[in-house]
Amino acid sequence: MALFGGTPAVKKGDMLYAWSTDAEIQKKGECGGAVTALLKYALEKKIVDGVLAVKKGIDIYDAQPTFITDPKEIAKTAGSLHCGTLLLPKLVKKYLDGAKIKKIGVTVKGCDVMGFIELAKRKQVNLDNIVMIGVNCGGSVSPVSARRMIAEKYGVDPDKVHKEEIDKGQFIIEYEGGHKGISMDELEEQGFGRRSNCRRCKYKVPRQADLACGNWGVIGEKAGKATFVEVCSEKGANLLNAAVKAGVIATEEPDPKGIEIRGKTENAMFKLGDKWRRKDFTALGANLWETINKETSRCIKCYSCIENCPVCFTAADELIKTSLMVKPGEVPPNSMFHMRRFAHISDSCINCGQCEELCPMDIPLALFSHAIRSEADSAFAPKLGASAYKN
Ligand code: FAD
Ligand code: SF4
Ligand code: SF4
Ligand code: SF4
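The rules behind each value
- Residues numbered from 1 in each chain as written.
- Chains lettered and ligands numbered in written order.
- Predicted model: local features only at pLDDT ≥ 70, side-chain atom pairs only at ≥ 80, totals over all residues.
- Heavy atoms only, no water.
- Buried < 20%, exposed > 50% of the residue type's maximum accessible area, 1.4 Å probe, protein only.
- Helix = DSSP H or I, 4+ residues; strand = E, 2+ residues; numbered from the N terminus.
- Pairing = 2+ DSSP bridges.
- Right-handed = clockwise from strand over helix to strand, strands pointing away.
- Near = heavy atom within 4 Å.
- Nonpolar A, V, L, I, M, F, W, Y, C, P; charged D, E, K, R; others polar.
- Axes fitted to C-alpha atoms, helices over the stretch in contact; angles between N-to-C directions.
- Contact = heavy atoms within 4.5 Å.
- Phe/Tyr/Trp six-rings, centres within 6.5 Å; stacked < 30°, edge-to-face > 60°.

### Let's talk about the pairing of strand β7 (residues 130-135)
- With respect to burial, β7 is a largely interior element, 5 of its 6 residues being buried.
- With 5 bridges connecting them, strand β6 (residues 104-108) and β7 associate as parallel partners. The residue of β7 that forms the bridge with valine 106 is methionine 132.
- With respect to chirality, the unit in which β6 leads through helix α4 (residues 110-121) into the neighbouring parallel β7 is right-handed.
- Sheet topology note: the β7/strand β11 (residues 211-214) ladder contains 3 bridges and is parallel. Looking at the pairing, valine 135 lines up with cysteine 213 of β11.

Below, the structure written as structure tokens:
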């Protein structure tokens, strides 16, 4: 085993606690800043030409994607924004040439990784040029619903909130004059909390990324100050080893009890995802076609659901937009406009929620496409769009 100043080099499959050795990044980082330090190091050493990450805009509800080429700028992206419902892969395809030429480092939640994989299958992005630093994800809260939830359930002016976090099953806010936490279960029973696609999601630890980083399993003195890192690829191992060797990341062995807790938490999240699937799909299944017909009758044919879906790509977009089944100018469009889209993604919808989140008419599109994908997966074995992932 190679040694870096007494620290054994990590390899795929290893787990460790890690944190940044830079005081500013440590302070700004959500759990010690390992993710930010790794991205900064990758940029400084030209392992990547640029970094795509997420930074806070005007307030905690405003998560902005940002492409950074100057390592000094990276610290701006430290910290987790739980109202950040954005998805990054299609931005790489649209604005960064699919990483066909430039090498890109990117922070990814589970749905981002799946989006990249689906775009790569369609030859829209080059995964060889992308370093994916994964973050575990318990879910995100839509900014509009977060504001309403904070006003109605917390009795706090949403504009006075300067920090939010999800810890031990609670959504916690800090505002001028105090802080308050309410359990996510309670919020969700009352129709608040995470987006509905997030409740059904089972991509909790993004092991298809190069590294999977999160707070689950960090216990004892390091709780809140270090990230639990699972090394998921050789690319991830090489980056981490080089960053440790350069002294920008410090690591230690994870507490075995922490590993056990992490496993239990992940399993509990899978069960919760199954519970929400049963609930949502059973309700929908009672009246599937009528519900789709009724809900989609509000459609104003803005095409946002197509533009922002990571599994719709140009040729298919055009096919749907210009299809003879949909008369140009007809609003609301014939139901077949939606049925064609659902059919075309029935083997690959990743339940990322972008279609639903960005639909101006609040049509529960991800519910429909996720239900159809799940139904198709269970009806046709082996899985359509066979993958090793829990869709
Ligand atoms: P930092 O150095 O602070 O870096 C954080 C990185 O996350 C930055 O690159 C930033 O740009 C990026 N980021 C911030 N918000 C978003 C966003 N909305 N979408 C994409 N990227 C974003 N860990 C768990 O163990 N359990 C969880 O349930 C859990 N839920 C999470 C939910 C969300 C929405 C997010 C973003 C993260 C979640 N995490 C969860 C991961 C955890 O909060 C930390 O990101 C992780 O431990 C790394 O800490 P760090 O200090 O090394 O990260
Ligand atoms: Fe996180 Fe899954 Fe929601 Fe994506 S879909 S934000 S991975 S819970
Ligand atoms: Fe219709 Fe909503 Fe899709 Fe726009 S995003 S085309 S309104 S279903
Ligand atoms: Fe995401 Fe909606 Fe496309 Fe499914 S159909 S992949 S939920 S945008």
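### Concerning the site of ligand 3
- Surveying the vicinity of ligand 3 reveals 13 residues, the closest of which are Cys299, Cys302, Tyr303, Cys305 and Cys359.
- Tallied by class, the residues present in the shell around ligand 3 amount to 10 nonpolar, 2 polar and 1 charged.

### Description of the sheet that holds strand β13 (residues 249-252)
- If you trace the 8 strands from one edge of the open sheet to the other, you get β5-β4-β6-β7-β11-β12-β3-β13, paired in mixed fashion. Edge strands, defined here as strands with exactly one partner in the open sheet, are β5 (63-68) and β13. Taken over all neighbouring pairs, the strand axes of this sheet differ in orientation by 30° on average, direction set aside.
- Packed onto the sheet, α4 meets β6 and β7 and runs at close to 135° relative to β6.

### With respect to the packing of aromatic side chains
- In total, this model carries 4 aromatic pairs according to the counting rule given.
- Arranged with centres 6.4 Å apart and planes meeting at 75°, the rings of tyrosine 154 and phenylalanine 171 form a pair that is edge-to-face. Of this pair, tyrosine 154 sits in the loop between α5 (143-152) and β8 (161-167) while phenylalanine 171 is found in strand β9 (residues 170-175), placing the two residues 17 residues apart along the sequence. Comparing tyrosine 154 with phenylalanine 171 shows no difference in burial state: the two are buried.
- Their ring planes at 75° and their centres at 6.1 Å tell us that phenylalanine 342 and phenylalanine 368 sit as a pair that is edge-to-face. Taken as a pair, phenylalanine 342 in helix α13 (residues 336-344) and phenylalanine 368 in helix α15 (residues 365-379) lie far apart in primary sequence, 26 residues in all. No difference in accessibility class separates phenylalanine 342 from phenylalanine 368, as the two residues are buried.

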